Amino acid sequence: MRLILLGPPGAGKGTQAAYLVEKYNLKQLSTGDMLRAAVASGSELGQKAGGLMERGELVPDDLVIALISERLSYADVAHGFILDGFPRTVSQAQALEKLLAEKKQPLDMVLALAVDQERLMERITKRAQESQGNVRADDNPETLKKRVAVYLEQTAPLLDFYQEVGILSVIDGMAPISEVSTQISSLLDELKA
Ligand code: AMP
């Protein structure tokens, strides 16, 4: 299965991706993780991306498209993958469509986690407070607000994009974690059936 998980920061993408990896033996491909590794290694890509990430802005399309294009050429994605954090713009989505069409491996489903804006802000503020001083430099309230704004402006249009492609499924991301997982499973089981 080839899937995309779509949703704003704090919607629970990471949690659900981990569940799907376990249950369906898929590879999780997170451009955020790849970029954080590049920053940590001090590579040229990392140097270009680091400041943008800290400010909650997007890394340029050509850089992330090159990253994902290389990653999709590895043999370990043959059984299927779940994209977490990519695509984030319509031009990334178009590049992905082209890439997967060339490989004759189209996407099966885009799972969008729908969230209530106000409750989302509460959730991510809490997450930012809880992660004070550790792990991610972009998990502070200010950057998170910026990331949500960037999501609404640049990533939310992907909902219409994939609706038109005909592979969009919207899930209530405000439901308890286990219920979200159950909803996703039943959609995927239908897909496999
Ligand atoms: P994430 O871990 O997915 O929340 O990503 C963390 C940060 O990495 C984002 O705020 C962006 O700065 C950058 N990033 C990750 N994925 C992408 C992408 N597909 N396009 C542009 N920037 C990205």
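Every chain's residues receive numbers from 1 upward, in the order its sequence appears when written. At least 70 in pLDDT is required for a residue's local features to be given in this predicted model, at least 80 for side-chain atom pairs to be given and counted, and no such filter applies to totals for whole chains, interfaces and linings, which use all residues. Side-chain calculation: all heavy atoms of the structure are included, whereas hydrogens and water are not.

Observations concerning the nonpolar core
- Definition of nonpolar core: a set of buried residues of the types Ala, Val, Leu, Ile, Met, Phe, Trp, Tyr and Cys, connected through side-chain atoms within 4.5 Å. Here the term buried applies to any residue with accessible area under 20% of the maximum for its type, exposed to any over 50%, and partly exposed to those in between, with areas from a 1.4 Å probe on protein chains only. Leu29, Leu35, Phe81, Leu83, Leu96, Leu107 and Tyr162 are the most contacted members of the largest nonpolar core, which totals 31 residues.
- Elements supplying a minimum of two residues to this core: strand S1 (2-6), helix H2 (31-41), helix H3 (44-55), helix H4 (61-71), strand S3 (81-84), helix H5 (90-102), strand S4 (109-114) and helix H8 (157-165).
- Contact partners of phenylalanine 81, with chain neighbours within four places excluded, come to Met1, Arg2, Leu3, Leu26, Lys27, Leu29, Leu72, Leu100 and Leu107. Labels follow the DSSP assignment, with helices taken as runs of H or I lasting at least four residues and strands as runs of E lasting at least two, numbered in each case from the N terminus. By the convention used here, residues are in contact when the closest approach between their heavy atoms is within 4.5 Å.

Side note on helix H1 (residues 13-24)
- Helix length check: H1, at 12 residues, gives a terminal C-alpha distance of 16 Å against a target of 16 Å (1.5 Å per residue), a fit within 8%.
- For H1, every residue scored as buried is listed here: Lys13, Gln16, Ala17, Leu20 and Tyr24. The buried residues of H1 occupy an angular sector of 105 degrees when the element is viewed end-on, so they sit on one face.
- Tucked into the core, H1 has its buried residues touching S1, strand S2 (27-30), S3, S4 and helix H9 (177-192).
- In the segment just after H1, asparagine 25 is the residue with positive phi, at about 55 degrees. The span expected for a helix works out to 1.5 Å for each residue beyond the first. Note that the arc is defined by the directions from the helix axis to the C-beta atoms.

Overview of the side chain of threonine 31
- When you line up the elements, threonine 31 lands in helix H2.
- Assessed through its relative accessible area of 3%, threonine 31 is described here as buried.
- What threonine 31 contacts, discounting residues up to four positions off in sequence, is Ile68, Asp84, Gly85, Phe86 and Arg88.

Topic: the sheet that holds S3
- Strand order in the open sheet formed by 5 strands is S2-S3-S1-S4-S5, with parallel pairing between adjacent strands. Of all strands in the sheet, those bounded by a partner on one side alone are S2 and strand S5 (168-172). Shown here is a sheet whose adjacent strand axes are inclined to one another by a mean of 25 degrees, direction ignored. Should DSSP find at least two bridges between two strands, the strands are regarded as paired. Interaxial angles span 0 to 180 degrees and are taken between N-to-C directions of axes, which are lines fitted to C-alpha atoms, for helices over the stretch in contact.

So, unusual backbone geometry
- Phenylalanine 86 connects to proline 87 through a cis peptide bond whose omega is -5 degrees.
- Assignment of secondary structure puts proline 87 in the loop between S3 and H5.
- Phi at asparagine 25 is positive, roughly 55 degrees, even though this residue is not glycine.
- Relative to the helices and strands, asparagine 25 is located in the loop between H1 and S2.

Overview of the pairing of S3
- Alternating positions in S3 separate into two faces, Phe81 and Leu83 on one and Ile82 and Asp84 on the other, with burial throughout.
- The sheet contact formed by S1 and S3 spans 4 bridges and is parallel. Counterpart to arginine 2 in the pairing with S3 is phenylalanine 81.
- Note: S2 against S3, 4 bridges, orientation parallel. Considered in S3, the bridge of lysine 27 is made with phenylalanine 81.

Don't take any of this as a statement about function, it's just geometry.
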